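Examination of the molecular architecture
Below are the chains, spelled out letter by letter.
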Amino acid sequence: MRPLIRTSALGGYNELVRELGGQPEPLLRQFNIDPERLDDISYLIFFHSLMQLLEASAEELQCPDFGLRLSAKQTMETLGPIAIMARTSNTAGDALFCIARYISHHSPAITLGLDNTSAPQFPRITLDINITDFPYRHQTVEMAIGLTANIHAMLTENRKRPEAVLFRHSRILEPKVYKRHFGCPVLFNQDCNALVLTPEQLDFPIRTADAFQRDIIANYLIKKSGGSPQSFIEQTNFIISRLLPTQCCNIKSVANELFMHQRTLQRRLKDEGYIFEEMVDNIRKQDAQNFLAERRMPMAQIAALLGYQEQSSFNRAAKRWFGVTPNHYRKSLHTIVGAKPE
């Protein structure tokens, strides 16, 4: 399964690209990310798309520190409800533990750990990206560690800096760039990606601690943890829904999004009792019902959102689904909604 991530991870992306003289929209669309939905908290993208976007942006804009620069524009609010839990924890260590525990709500591709046993005098916040088939991750790792350092600074009211920052990868920037960003020694070719702290930093008290509010958010996150599409079929449906408006939704493009060959996709769907064309048709029907319930949405717009190049194709599909034309189906919906009980 391809892990997802919330688009809040791209907070500041548009601003940074424009500062560097580029246009964010073509870059985003290159990796099937809708530029209009970056501020939509419910919008999910594939983690692979995020990684590819950051690497491509760094290369095209000739900005090798793109990931670090992007992290400098991000705050703890990037994590959504998890940020509220962190702010209402008792200490910085408690907050970091909460973030580590619930980070999968932001993306299951990220693992955070709080290691205070291997070297008790220098506890570490470790970070792993659980992607095995995309080796180019320098920009993503540096952005993630940069954001983690920002969160640590916020939790300690900007009074504390890490003792050191560790990266698994080799150095790609001048040492002064890293020193300027983190304000501490930065080491490379290490056994983990991590911030090295002190016990005093973990014990730093948080003034906004509120155990009751923290528990409410924790319960919310537990209930919502199953809300993202995780199964193979759910993710396939997710991609189909996202690609339909591009009018390029075919089995090859969906397979590309899943990073597999189209024959592999066909075989896996068959093994689970699904046919690609039927999945597309079912999603179109469901979306058509929702769109037609909107009184003011033009038919041409609905047809385009469903992936039809011609209105006539949509009309024929509607007759097959509902037995009537789209206009007649819309009128019947509004008649039912407007009917008064006797």
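Computed from a predicted model, the values in this text were never measured in an experiment.

Summing up its helical and strand segments, the protein has 17 helices and seven strands in all. C-alpha atoms of the protein, sized along the principal axes, occupy 70 × 50 × 45 Å. Taking all 342 residues of the protein together, 50% fall into the buried category. The contacts of the protein with a sequence gap of at least 6 include a subset with a gap of at least 24, amounting to 67%.

So, on to the pattern of salt bridges. Taken as a whole and judged by the stated rule, the model has 13 salt bridges. One salt bridge in this structure joins Arg18 and Glu25, with 2.8 Å as the shortest N-O distance. For Arg18, a relative accessible area of 43% puts it in the partly exposed group. A relative accessible area of 23% means that Glu25 is categorised as partly exposed. For Glu157, the salt bridge identified is with Arg207, shortest N-O distance 3.1 Å. Note that Glu157 is positioned in the loop between helix 7 (138-155) and strand 5 (164-166) and Arg207 in the loop between helix 9 (199-202) and helix 10 (211-224), a separation of 50 residues in sequence. Exposure remark for Arg207: the relative accessible area of 67% places this residue in the exposed category.

Moving on: the packing of aromatic side chains. Evaluation of the coordinates by the stated rule reveals eight aromatic pairs. Judged by centre distance (6.2 Å) and plane angle (55°), the rings of Phe167 and Tyr178 are tilted. Of the two residues, Phe167 sits in the loop between strand 5 and helix 8 (175-182) while Tyr178 sits in helix 8, which places them 11 residues apart along the sequence. Just as Phe167 is buried, Tyr178 falls in that class too.

When pLDDT is averaged along the protein, the result is 88; 94% of the residues meet or exceed 70. Within the protein, helix 10 has the poorest average pLDDT of any element, 75, and helix 1 (residues 13-19) the best, 98. The model gives residues 337-342 a pLDDT under 50, and that stretch makes zero contacts with residues more than four places away or in other chains.

It is worth spelling out the environment of Ser71 at this point. Secondary-structure assignment places Ser71 in helix 4 (residues 66-72). Classification of Ser71 by relative accessible area gives buried; the value is 0%. Between the alpha carbons of Ser71 and Gly12 there is a distance of 8.3 Å; along the sequence they are 59 residues apart. Beyond its immediate chain neighbours, meaning those up to four positions away, Ser71 contacts Glu142, Met143, Gly146, Leu147, Asn150 and His181. At a separation of 2.7 Å, a polar atom in the side chain of Ser71 contacts the main-chain carbonyl oxygen of Leu68.

Another aspect to go through is unusual backbone geometry. Here Asn32, not a glycine, exhibits a phi torsion of approximately 55°, which is positive. Its identity is not glycine, yet Gln62 carries a phi of approximately 50°, on the positive side. For Gln62, the position within the fold is in the loop between helix 3 (47-60) and helix 4. By relative accessible area, which is 71% here, Gln62 ends up exposed.

Closest axis-to-axis distance for the helix 3/helix 7 pair is 8 Å, and the angle between their directions is 100°. Considered as vectors, helix 3 and helix 7 are oriented roughly perpendicular to each other. Contacts from Phe47, Leu50, Met51, Leu54, Glu55 and Ala58 of helix 3 reach helix 7 at His138, Gln139, Thr140 and Met143. Split into classes, the residues belonging to the contact of helix 3 with helix 7 amount to six nonpolar, three polar and one charged.

The next thing to look at is the sheet that holds strand 6 (residues 186-187). What the five strands build is an open sheet, ordered 3-4-7-5-6; its pairing is mixed. The two strands at the open ends of the sheet, each matched to only one other strand, are strand 3 (110-115) and strand 6. Across four bridges, the pairing between strand 4 (residues 124-129) and strand 7 (residues 193-196) is antiparallel. Paired with Ile125 across the two strands is Leu195, which belongs to strand 7. Sheet strands in contact with helix 7 are strand 3, strand 4, strand 5 and strand 7, and its direction is about 20° off that of strand 7.

A few words now on the pairing of strand 7. The alternating pattern of strand 7 places Asn193 and Leu195 on one face and Ala194 and Val196 on the opposite face, and all of these are buried. Taken together, the three bridges between strand 5 and strand 7 define a ladder with antiparallel strand orientation. Residue Leu166 lies in a different strand from strand 7, and its bridge partner there is Ala194.

Below, the discussion takes up the nonpolar core. Counting residues in hydrophobic clusters, the biggest one holds 71 residues, and the most contacted among them are Leu10, Phe66 and Phe182. A total of eight residues in this core trace back to one element, the largest contributor, which is helix 7. Setting aside anything within four residues of it in sequence, one finds Leu10 in contact with Leu28, Ile33, Leu38, Ile45, Leu50, Leu53, Leu54 and Gln74. With 22 residues, the next largest nonpolar core counts Leu44, Phe46, Phe232 and Leu243 among its residues.

Reading the values: the criteria
Residues numbered from 1 in each chain as written. Predicted model: local features only at pLDDT ≥ 70, side-chain atom pairs only at ≥ 80, totals over all residues. Heavy atoms only, no water. Helix = DSSP H or I, 4+ residues; strand = E, 2+ residues; numbered from the N terminus. Buried < 20%, exposed > 50% of the residue type's maximum accessible area, 1.4 Å probe, protein only. Contact = heavy atoms within 4.5 Å. Salt bridge = Lys/Arg side-chain N within 4 Å of Asp/Glu carboxyl O. Phe/Tyr/Trp six-rings, centres within 6.5 Å; stacked < 30°, edge-to-face > 60°. pLDDT = per-residue confidence, 0-100. Polar contact = N/O pair within 3.5 Å; in protein donor to acceptor, adjacent residues only side chain to side chain. Axes fitted to C-alpha atoms, helices over the stretch in contact; angles between N-to-C directions. Parallel < 35°, antiparallel > 145°, perpendicular 65-115°, else oblique. Nonpolar A, V, L, I, M, F, W, Y, C, P; charged D, E, K, R; others polar. Pairing = 2+ DSSP bridges. Core = buried A, V, L, I, M, F, W, Y, C linked by side-chain atoms within 4.5 Å.

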